[in-house]
Amino acid sequence: MKRIMLAIGALGAVLAISACGGEGQTLELFVGSATKPATEEAAKLFEEKYDVNVELHFGGSGAMLSQMKLTGRGDIYFPGSSDFMEKAKEEDIVLPQSERIVVYLIPAINVQKGNPKNVQSLEDLARPDVTFAIANPETVCVGLYAAEIIEKAGLTQTLRPKIATYAESCAKTANLVALKTVDAVIGWRVFQYWAPDDIETIPLPPDRIPRIGYVPIAIAKSSKQPALAQQFVDFLTSQEGKAIYAKWHYLTTEEEARQFAPEAPIGGEVELLEGWR
Amino acid sequence: MRTRRAVDRSFSVFTWAVLGLLSAYISLIVITLMAHVSVESYGDTLLSGQAFSTIRLSVICATIASVLALLFAVPIAYLLARKNFPGKNLVDTILDIPIVLSPVALGTVLLVVLSSDAGKLFQDNLVSFTFAIPGIILAQFTIVVALAIRSLKAVFEQISPRYEEVAYFLGCNRWQTFLGISLPLARTGIIASFILAWARAIGEFGATITVAGAVPGKTETIPSAIYLGLAGVDIQGTLIYTLLLVFLAIVVLLGVRFLTAKRSG
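Nothing here was measured: the structure is a model prediction, and the numbers come from that model.

**What about the overall build of chain B?**
Next, step 1: A count of helices and strands for chain B gives 13 helices and zero strands.
Next, step 2: Beginning at the N terminus, the succession of helices and strands in chain B can be written as α-α-α-α-α-α-α-α-α-α-α-α-α.
Next, step 3: Counting all 265 residues of chain B, 34% fall into the buried class.

Encoded structure:
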């Protein structure tokens, strides 16, 4: 019994040591995990530069929003895509006027590394030997954009019945290809750089990209240190912050994004047509 | 006679075949997992300080949660196995609720409780659970304590109360009877129950990530690292942490079995 108590005591001591963080200001961010590597790097740089702690909570963008809502905590919400920011505004969790765009996202076809089924266009997705999926068009913006791409290309009748599944997030859409569950997805161009060993991007021609996506950031209404939160947002959208995201192959300026789709609007309301629900 | 032997042999073949089939199936999963991970990624992940702190946190929290669970479960299971009292069925059912709820649901309920006025008061003045390490232990404890009670109740029910009665009539008090007779008799069952609780706790994900979040280097356990790996389309990282969990479990569970077999043998 004595030995057990000793062991518990030792564990408690180790735990107490590991629980000790630095003192001072802590900025709490709830981040969609898709941008994890770049955001971790940016946060680290910010910590060093301004001598504050940045605590990054990662998870699905929706789960992060739920946690902010349930606990009333968090200084900044940084979801993986714009749809969740719209929800955060609806739910009155972020300050709408504080919203900024950090990076831009271009819709594209993503296939398995090496493109074993030789998919080159949207039409190839209709081939009987090709399986493909999109994200849920009702809840995930890349799914909504995929539905719009298929509609605008006039391929609804041939492609819609062939969709193998609706993924519930951007990352899960990318995983469908990375884990070889399907041959192709309509996702973001940047998926290729998330998993360069598993995913390859087949770009869509500009006239087939009806819309450019983006990753927004905003300050939480519950933030008790909005000035510091604003400082972080400013840092992320500064040249220095954007350079980190550019290193991870994100498009950080509108001009860069425009090269892929000169005419397409950035974000905006898309109405999901009947039959996709 | 010959037919009897043939039937016996077929039974033996059947049980061995089933064992072989399932072991081969699970081994195949682990081998495929190992083959899928590139050598460089092992180095990249395992040599980072991040992996070490994640493993340490997982082991410490699962161990504390399981020990706490047993401290509650042993007396409760003993009481439920030995005594009848009005409302026993109701109490028994209430204790089962954490098993029925899905972990994410349980985590959400815990988060709601902790975010209530009373919960906030408690957290501000005593222990902070939300997005903190004690939150991991609380989530895992809540999940495994019911499992421990369930398995220990069966253990105590199988021990004849006659031994305790004899000890009692020979002059031992209730404490002495419990500590000197009942506990040693239940020893193997208690260890089995600890293994069950620990294994469940170290792999616990849904409730843990909901209550404690997954802040790398702070509240990230192995299962949350697996989830974040998948959410970040980092397949290699996901598989390495999965393998880590497999090996950690093998080492600890085999170790506990070895130690207890040696002692009781």
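**A word on the overall build of chain A**
Next, step 1: Along the backbone of chain A there are eleven helices and ten strands.
Next, step 2: On the principal axes, the C-alpha backbone points of chain A span a range of 70 × 50 × 35 Å.
Next, step 3: Counting only residues that meet the buried cut, chain A has 46% of its 277 residues in that class.
Next, step 4: Contacts in chain A between residues at least 24 apart in sequence constitute 77% of all its contacts with a sequence separation of at least 6.

**Considering the domain arrangement of chain A**
Residue and element names in this part refer to chain A.
Next, step 1: Along its sequence, chain A is carved into domain 1 (24-104 + 214-260) and domain 2 (107-208).
Next, step 2: Domain 1 and domain 2 are separated by 26 Å when their C-alpha centres are compared.
Next, step 3: With eleven residues of domain 1 at the contact, the number on the domain 2 side is nine residues.
Next, step 4: Its residues assigned to classes, the side of domain 1 that touches domain 2 comprises four nonpolar, six polar and one charged.

**Comments concerning the interface of chain B and chain A**
Next, step 1: Of the residues lining the interface, 24 residues belong to chain B; the matching set on chain A comes to 27 residues.
Next, step 2: Those elements that place two or more of their residues in the side of chain B that touches chain A are helix H3 (49-82), helix H5 (103-115) and helix H12 (222-231) of chain B.
Next, step 3: No other element matches the six residues that H3 of chain B contributes to the side of chain B that touches chain A.

**Remarks on the nonpolar core**
Next, step 1: Ile-76, Tyr-77 and Ala-174 of chain A together with Val-144 and Ala-148 of chain B are the most contacted members of the largest nonpolar core, which has 147 residues in total.
Next, step 2: Examining the composition of this core, we find that 16 residues originate from one element, helix H7 (residues 133-158) of chain B, more than from any other.
Next, step 3: Split by domain, this core shows at least three residues from each of two domains, domain 1 (24-104 + 214-260) and domain 2 (107-208) of chain A.
Next, step 4: Sequence-distant contacts of Ala-148 of chain B, that is, excluding residues within four places in its chain, are made with Ala-69, Leu-70, Ala-73, Ser-193 and Ala-197 of chain B.

**Side note on the packing of helix H3 (residues 61-71) of chain A against helix H4 (residues 82-90) of chain A**
All names here are of chain A.
Next, step 1: Between H3 and H4, the least distance of the axes is 10 Å, while the angle of their chain directions is 20°. What the angle tells us is that H3 and H4 run roughly parallel. Relative to H4, H3 is oriented so that their crossing is right-handed. Residues Ser-61, Gly-62 and Leu-65 of H3 form the contact with H4, whose participating residues are Phe-84, Lys-87 and Ala-88.
Next, step 2: Classifying every residue of the contact of H3 with H4 by side-chain character gives three nonpolar, two polar and one charged.

**Quick look at the pairing of strand E10 (residues 213-219) of chain A**
Residue and element names in this part refer to chain A.
Next, step 1: In terms of burial, E10 is largely enclosed, as seven of its seven residues are buried.
Next, step 2: Residue alternation in E10 divides its side chains into two sets, Gly-213, Val-215, Ile-217 and Ile-219 and Tyr-214, Pro-216 and Ala-218, and both sets are buried.
Next, step 3: For strand E3 (residues 76-78) and E10, the ladder comprises two bridges, and the chain directions are antiparallel. Bridging from a neighbouring strand, Tyr-77 pairs with Ala-218 of E10.
Next, step 4: Judged from the five bridges that link them, strand E4 (residues 100-105) and E10 form a sheet pairing that is antiparallel. The partner of Ile-101 across the bridge, within E10, is Pro-216.

**Thoughts on unusual backbone geometry**
Of all residues except glycine, most have a negative phi; of all peptide bonds, most are trans.
All names here are of chain A.
Next, step 1: Positive phi, normally seen in glycine, also occurs at Asn-115, with a value near 45°.
Next, step 2: With respect to the element layout, Asn-115 can be found in the loop between strand E5 (107-112) and strand E6 (132-135).
Next, step 3: For Asn-115, a count of 15 C-beta atoms within 10 Å corresponds to the partly exposed category.
Next, step 4: In this model, Lys-180 sits at a positive phi of 60°, which is unusual for a non-glycine residue.
Next, step 5: Examined against the element boundaries, Lys-180 turns out to sit in the loop between helix H7 (170-178) and strand E8 (184-188).
Next, step 6: Looking at Lys-180, the number of C-beta atoms within 10 Å reads 11, which means it is exposed.

**Observations regarding the sheet that holds strand E7 (residues 163-167) of chain A**
All names here are of chain A.
Next, step 1: Strand order in the open sheet formed by five strands is E7-E6-E8-E5-E9, with mixed pairing between adjacent strands. Each of the sheet's edge strands pairs with one partner strand only, and the pair in question is E7 and strand E9 (199-202). Strand-to-strand twist in this sheet, taken as the mean axis angle between neighbours without regard to direction, amounts to 35°.
Next, step 2: By the bridge criterion, five bridges tie E5 to E8 in an arrangement that is antiparallel. In the sheet register, Val-111 faces E8, and the bridge partner there is Ala-184.
Next, step 3: On top of the sheet, helix H5 (residues 141-152) reaches E5, E6, E7 and E8; it is set at about 125° to E6, its chief contact.
Next, step 4: Against the sheet, H7 makes contact with E5, E6, E7, E8 and E9, and its axis sits at roughly 145° relative to E8, the strand it touches most.

**Quick look at the sheet that holds E10 of chain A**
Note: strands within a sheet are paired through backbone hydrogen bonds, in either parallel or antiparallel orientation.
Residues and elements named next belong to chain A.
Next, step 1: Taken in spatial order, the five strands make up an open sheet running E2-E1-E3-E10-E4, and their pairing is mixed. The two strands at the open ends of the sheet, each matched to only one other strand, are strand E2 (53-59) and E4. Taken pair by pair, the neighbouring strands of this sheet meet at an average axis angle of 20°, ignoring direction.
Next, step 2: Seen against the sheet, helix H2 (residues 36-50) touches strand E1 (26-32), E2 and E3 and runs at an angle of roughly 170° to E2.

**What to know about the environment of Phe-247 of chain B**
Next, step 1: In this structure, Phe-247 of chain B sits in helix H13 (residues 235-264).
Next, step 2: Spatially, the C-alpha atoms of Phe-247 of chain B and Thr-45 of chain B are 15 Å apart, while their sequence positions differ by 202 residues.

**A few points about the confidence of the model for chain B**
All names here are of chain B.
Next, step 1: Of the residues in chain B, 98% have a pLDDT of 70 or more, and the chain-wide mean is 90.
Next, step 2: By mean pLDDT, the top-scoring element of chain B is H7 (95), and the lowest-scoring one is helix H2 (residues 39-46) (78).
Next, step 3: For this predicted complex, the interface confidence score (ipTM) comes to 0.71, while the overall pTM stands at 0.80.

Criteria and thresholds
Counting restarts for each chain: residues are numbered from 1 in the order of the written sequence. Think of it this way: whatever chain is written first is A, whatever ligand is written first is 1, and the rest follow in order. The model is predicted, so local features are restricted to residues of pLDDT at least 70 and side-chain atom pairs to those at 80 or more, both for listing and for counting; the totals for chains, interfaces and linings are taken over all residues. Here a helix means four or more residues in a row that DSSP labels H or I, a strand means two or more in a row labelled E, and each is numbered from the N terminus. We call a residue exposed when 12 or fewer other C-beta atoms sit within 10 Å of its C-beta, buried when the count reaches 20 or more, and partly exposed for counts in between; the C-beta positions come from the backbone. Placing a C-beta atom from the backbone of each residue, one calls two residues in contact when those atoms lie within 7 Å. For the domains described, the bounds stem from an automatic or database domain assignment. When residue character is reported, Ala, Val, Leu, Ile, Met, Phe, Trp, Tyr, Cys and Pro are called nonpolar, Asp, Glu, Lys and Arg charged, and the others, Gly included, polar. To count as a nonpolar core, a set of buried Ala, Val, Leu, Ile, Met, Phe, Trp, Tyr and Cys residues must be joined through C-beta atoms within 7 Å. To obtain an axis, a line is fitted to C-alpha atoms, over the contacting stretch when the element is a helix, and the angle between two such axes runs from 0 to 180 degrees between their N-to-C directions. Angle categories: roughly parallel below 35 degrees, roughly antiparallel above 145, roughly perpendicular from 65 to 115, and oblique for all the rest. Should the near helix be turned anticlockwise from the far one by less than a right angle, the crossing is left-handed, and should it be turned clockwise, the crossing is right-handed. When DSSP finds at least two bridges between two strands, those strands are taken to pair. Confidence of the predictor in every single residue is expressed as pLDDT, which spans 0 to 100.

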